[in-house]
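Now for the letters of each chain:
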Amino acid sequence: MLQRVVVTGVAGFVGSNLAKHLLQNGYSVVGLDNLSTGTPENVDHRVEFHEADICAREIYPLFEGAEAVFHLAAKTSLVDCLNSPLEAATMNVVGTLNVLEAARKSKVRKFIYADTSAEYEGIFDFPTTEDRVRPIGVYAASKHGGATFCESYRNLYDMRVSVVRYFNVYGPAQDWRRVIPPVMSSFIIRMLRGERPIIYGTGEKRRDFIYVDDVNDLHLIILEDDRSAGRILNVGSGINFSVYEIYGLVEEILKTGLQPLYKPDLPGEAQVTLSDLTAAKSLGWKPKVDIREGLRRTVEYLRGRALRGEQRVVGA
Ligand SMILES: NC(=O)c1ccc[n+]([C@@H]2O[C@H](COP(=O)([O-])OP(=O)(O)OC[C@H]3O[C@@H](n4cnc5c(N)ncnc54)[C@H](O)[C@@H]3O)[C@@H](O)[C@H]2O)c1
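Computed from a predicted model, the values in this text were never measured in an experiment.

(A) Examining the pairing of strand β5 (residues 110–116) more closely. Counting buried positions over the seven residues of β5 gives seven, a clear majority of the element. Because side chains alternate across β5, one face comprises the buried residues Lys 110, Ile 112, Ala 114 and Thr 116, and the other comprises Phe 111, Tyr 113 and Asp 115, equally buried. Where β5 meets strand β6 (residues 160–166), seven bridges bridge the pair, whose relative direction is parallel. Considered in β6, the bridge of Thr 116 is made with Tyr 166. Note that the unit made of β5, helix α4 (residues 138–156) and β6 has a crossover that is right-handed.

(B) Highlighting the packing of helix α1 (residues 13–24) against helix α6 (residues 212–224). The contact between α1 and α6 brings their axes to 10 Å, and the two run at 60 degrees. With respect to their mutual orientation, α1 and α6 come out oblique. Of the two elements, α1 crosses α6, and the hand of that crossing is right-handed. Contacts from Phe 13, Val 14, Asn 17, Leu 18, His 21 and Leu 22 of α1 reach α6 at Val 212, Asn 216, Asp 217, His 219, Leu 220 and Leu 223. Counted by class, the contact of α1 with α6 contains seven nonpolar, four polar and one charged residues.

(C) Representation of the side chain of Glu 119 within the structure. Residue position: Glu 119 is located in the loop between β5 and α4. No salt bridge is formed by the buried Glu 119; the nearest opposite charge belongs to Arg 165, separated by 4.5 Å. Within the structure, the side chain of Glu 119 is placed 2.7 Å from the side chain of His 144, a separation counted as a polar contact.

(D) Structural detail: α4. A rise of 1.5 Å per residue sets the reference length of α4, with its 19 residues, at 27 Å; its end C-alpha atoms lie 27 Å apart and thus fit the reference within 8%. Among the residues of α4, those classed as buried are Tyr 139, Ala 140, Ser 142, Lys 143, Gly 145, Gly 146, Ala 147, Cys 150 and Tyr 153. Each element contacted by the buried residues of α4 is listed here: α2 (78–83), α3 (85–105), β5 and β6.

(E) Representation of the pairing of strand β9 (residues 206–211) within the structure. Summarising burial for β9: five of the six residues are buried, a large majority. For strand β7 (residues 168–170) and β9, the ladder comprises three bridges, and the chain directions are parallel. In the sheet register, Asn 168 faces β9, and the bridge partner there is Phe 209. Both β9 and strand β11 (residues 240–242) contribute to a ladder of three bridges, which runs antiparallel. Within the sheet, the bridge partner assigned to Arg 207 lies in β11 and is Phe 241.

(F) Region of the structure containing the sheet that holds β11. The three strands lie next to each other as β7-β9-β11, forming an open sheet whose pairing is mixed. Each end of this open sheet is capped by a strand with a single partner; those strands are β7 and β11. Sheet twist, expressed as the mean angle between neighbouring strand axes with direction ignored, is 50 degrees. Across the sheet, α6 is in contact with β7 and β9; its angle to β9 comes to roughly 65 degrees.

Reading the values: rules and limits
- Residues numbered from 1 in each chain as written.
- Predicted model: local features only at pLDDT ≥ 70, side-chain atom pairs only at ≥ 80, totals over all residues.
- Heavy atoms only, no water.
- Buried < 20%, exposed > 50% of the residue type's maximum accessible area, 1.4 Å probe, protein only.
- Helix = DSSP H or I, 4+ residues; strand = E, 2+ residues; numbered from the N terminus.
- Pairing = 2+ DSSP bridges.
- Right-handed = clockwise from strand over helix to strand, strands pointing away.
- Axes fitted to C-alpha atoms, helices over the stretch in contact; angles between N-to-C directions.
- Parallel < 35°, antiparallel > 145°, perpendicular 65-115°, else oblique.
- Left-handed = near helix turned anticlockwise from the far one by under 90°.
- Contact = heavy atoms within 4.5 Å.
- Nonpolar A, V, L, I, M, F, W, Y, C, P; charged D, E, K, R; others polar.
- Lys, Arg positive; Asp, Glu negative; His and termini not counted.
- Salt bridge = Lys/Arg side-chain N within 4 Å of Asp/Glu carboxyl O.
- Polar contact = N/O pair within 3.5 Å; in protein donor to acceptor, adjacent residues only side chain to side chain.
- Expected span 1.5 Å × (residues − 1).

Any link to function would need more than the numbers given here.
Written out as structure tokens, the structure reads:
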């Protein structure tokens, strides 16, 4: 029988890509999502999909017989979290705790938590290692709360918990319909529509970007290699680019001639992120997709979707 893996947030960006990767590698996938920002079109038809909220107790039976849980569902928009901190805490802290409880009650052995490099907002040592965090913004604080409960369950119960600290993940299915979408999708979509890309701040902020397939390679290693138990692992590329440089790379592909528009910076965001990858590499993982190739694939995806008129605006 195929091993069952639960993926929360399966209709979102990373979760939908992860589900496809697990299916390709011979797992069966039970996917949960409340579709607050994710869309059903993202979910592979082979996923056993349940429209459900991670805060609800009704989700418990869905975890029975599962080998592992990837907990990705979260309130992920920084602006939404800043505007609705109680909701951010409900989804990202209480929701995580409820998913941990669901996993514990069904005796699921492996739990993988999607953490964030925003945990390092107040740390200024680069490249950044996993050993210290200093979350500042509401999103970071709420994800930190979820991670703290993961650590607690790892200590209290016989659970193999791994924490993956994503830097800026990009690629197909990233939510480009938000009012302020993640930077790459935002640039690509506007430029494909002939609109000037918007830069928040000066464009000098530097980000460590990692292509979603590389992240999922690490997810599979974590699932299959017991050495990942109890580990916190950065997942980035170990290289960073300024927002302006990203604009330049997108322009290199699209050749629009459009110049960026500048708007005031968003509060609380780190100026620089850069991952130290020693821990993840010790498990035999390394990023494979370089930024030009990753951007080219993302452009192809968005060209197909966005220009087919899917212009629903969701979230902030
Ligand atoms: N994408 C990145 O660059 C990045 C970076 C760092 C961390 N992360 C973390 O990775 C995870 C996945 O991120 P993503 O980029 O795929 O985000 P996403 O917003 O595309 O996906 C999140 C999904 O969770 C669902 N969801 C939200 N609240 C829910 C609830 N209460 N119950 C059920 N489902 C709910 C949404 O509908 C959405 O489909 C998140 O935990 C995020 O914090 C992502």
